[in-house]
Amino acid sequence: GQNIDQPTEMTATEGAIVQINCTYQTSGFNGLFWYQQHAGEAPTFLSYNVLDGLEEKGRFSSFLSRSKGYSYLLLKELQMKDSASYLCAVRDGYGQNFVFGPGTRLSVLP
Amino acid sequence: GAVVSQHPSRVICKSGTSVKIECRSLDFQATTMFWYRQFPKQSLMLMATSNEGSKATYEQGVEKDKFLINHASLTLSTLTVTSAHPEDSSFYICSAPRQRGTSGRSRNEQFFGPGTRLTVL
């Protein structure tokens, strides 16, 4: 079966660093994506990992370990506008479908 | 960049009526589009895969006769919620995949539409 797990909610302070973890068990693997979604809006792309290691993109970094079925999204220098849900999604094969995790609702406090 | 549009963005209808939602890829062609449903404080749940020129593929538990999908062209897919009921009230989002990047670092990325908020009274 397909299973992706993320913490439901997290809280952090403006200017701090937060790490959002994602573990997955899927029948296949062809890339892991992180999306940001503000309430009432569509998800927007943040990062993509297909090989093990760290991908850095400005204030956001994402890490992947395929052997452990594990990824994390690291957000640095948190801003109030980073308050949103963060969705981990796995492309489960050579098809084009994604399997989404439950999402992590991040609240950034002043 | 690639853009996917949806129309309408918001619709309120009476129970028993049908509602059509359009999803368009504006600057690229998409032989496949995906329809998701999202209830409040929950993640996206795939409803069906829309295939241009052939029948849609529905996920388990999704009634194909209630959620009619038509992939009319390489840039347009429609979802019709037939005989809508209050429990169908939800946020409906479509997406279309597109290859991004160069050959060594290409990825098949999903581009999401802005979503349609359906409220059935």
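Here the structure is a predicted model, which means the values were calculated and not measured. (Residues numbered from 1 in each chain as written. Chains lettered and ligands numbered in written order. Predicted model: local features only at pLDDT ≥ 70, side-chain atom pairs only at ≥ 80, totals over all residues. Heavy atoms only, no water.)

Colleague: Whenever I open this one, the pairing of strand S4 (residues 32–38) of chain B confuses me. Can you help?
Modeller: Where a strand is regular, its side chains alternate between the two sheet faces. Residues and elements named next belong to chain B. Taking burial as the measure, the seven residues of S4 include seven buried ones, the bulk of the element. Side chains Thr32, Phe34, Tyr36 and Gln38 project from S4 onto one buried face, and the interleaved Met33, Trp35 and Arg37 project onto a second face that is buried too. The sheet contact formed by S4 and strand S5 (residues 45–51) spans six bridges and is antiparallel. Its bridge partner being in S5, methionine 33 is matched across the sheet by serine 50. Count of turn residues in the S4/S5 antiparallel hairpin: six residues, of which lysine 41 carries a positive phi of about 60°. (Buried < 20%, exposed > 50% of the residue type's maximum accessible area, 1.4 Å probe, protein only. Helix = DSSP H or I, 4+ residues; strand = E, 2+ residues; numbered from the N terminus. Pairing = 2+ DSSP bridges.)

Colleague: Would you explain the packing of aromatic side chains in this entry?
Modeller: Think of a pair of aromatic rings as described by two things: how far the centres are apart, and how the planes are tilted against each other in angle. Scanning all chains against the criterion turns up 17 aromatic pairs over all chains. Taking the centre distance of 4.5 Å and the plane angle of 35° together, the rings of A:Phe33 and A:Phe98 count as tilted. One end of the pair, A:Phe33, is in strand S4 (residues 32–37); the other, A:Phe98, is in strand S10 (residues 98–100), with 65 residues separating them in the sequence. Relative accessible area serves as the criterion here: at 0%, A:Phe33 is assigned to the buried category. Where B:Tyr36 meets B:Phe112, the ring centres are 5.9 Å apart and the plane angle is 45°; that geometry is what we call tilted. A residue pair is termed long-range when its members are at least 10 positions apart, and B:Tyr36 in strand S4 and B:Phe112 in strand S10 (residues 107–112) qualify at 76 residues. Exposure remark for B:Phe112: the relative accessible area of 11% places this residue in the buried category. Through pairs of rings, three or more aromatic residues link up here, namely A:Phe33, A:Tyr35, A:Phe45, A:Tyr48, A:Phe98, A:Phe100, B:Tyr36 and B:Phe112. (Phe/Tyr/Trp six-rings, centres within 6.5 Å; stacked < 30°, edge-to-face > 60°.)

Colleague: Explain the state of the cysteines to me, please; I cannot follow it from the model alone.
Modeller: Each disulfide is one covalent bond, formed between the sulfur atoms of two cysteines. Within the structure shown, the criterion is met by two disulfides over all chains. Covalent S-S linkage joins A:Cys22 and A:Cys88, the inter-sulfur distance amounting to 2.0 Å. The chirality of the disulfide connecting A:Cys22 with A:Cys88 is left-handed, given an S-S dihedral of about -65°. In this pair, A:Cys22 is assigned in strand S3 (residues 18–25) and A:Cys88 in strand S9 (residues 84–91), connecting sequence segments 66 residues apart. Between the sulfur atoms of B:Cys23 and its disulfide mate B:Cys94 the distance is 2.0 Å. Torsion about the S-S bond of the B:Cys23 and B:Cys94 cystine: about 80°, corresponding to right-handed handedness. (Disulfide = S-S within 2.5 Å.)

Colleague: Can you walk me through the interface of chain B and chain A in this structure?
Modeller: How big an interface is tends to be expressed through the accessible area that disappears when the partners come together. Taken together, the contact pairs 22 residues of chain B with 20 residues of chain A. For the pair chain B and chain A, the two sides together bury roughly 1,700 Å², of which 54% comes from carbon and sulfur. Counting every contact that joins chain B to chain A gives zero salt bridges. Across the chain B-chain A interface, the total number found is three residue pairs in polar contact (both at pLDDT 80 or more). Where the side of chain B that touches chain A is concerned, the elements lending two or more residues are S4, strand S9 (90–100) and S10 of chain B. Per-element accounting of the side of chain B that touches chain A gives the leading share, five residues, to S10(B). Within the side of chain B that touches chain A, the residues separate by chemical class into nine nonpolar, eight polar and five charged. (Contact = heavy atoms within 4.5 Å. Buried area = accessible area lost by both parts, 1.4 Å probe. Salt bridge = Lys/Arg side-chain N within 4 Å of Asp/Glu carboxyl O. Polar contact = N/O pair within 3.5 Å; in protein donor to acceptor, adjacent residues only side chain to side chain. Nonpolar A, V, L, I, M, F, W, Y, C, P; charged D, E, K, R; others polar.)

Note that every value here comes from positions in space, so none of it alone points to a role or purpose.
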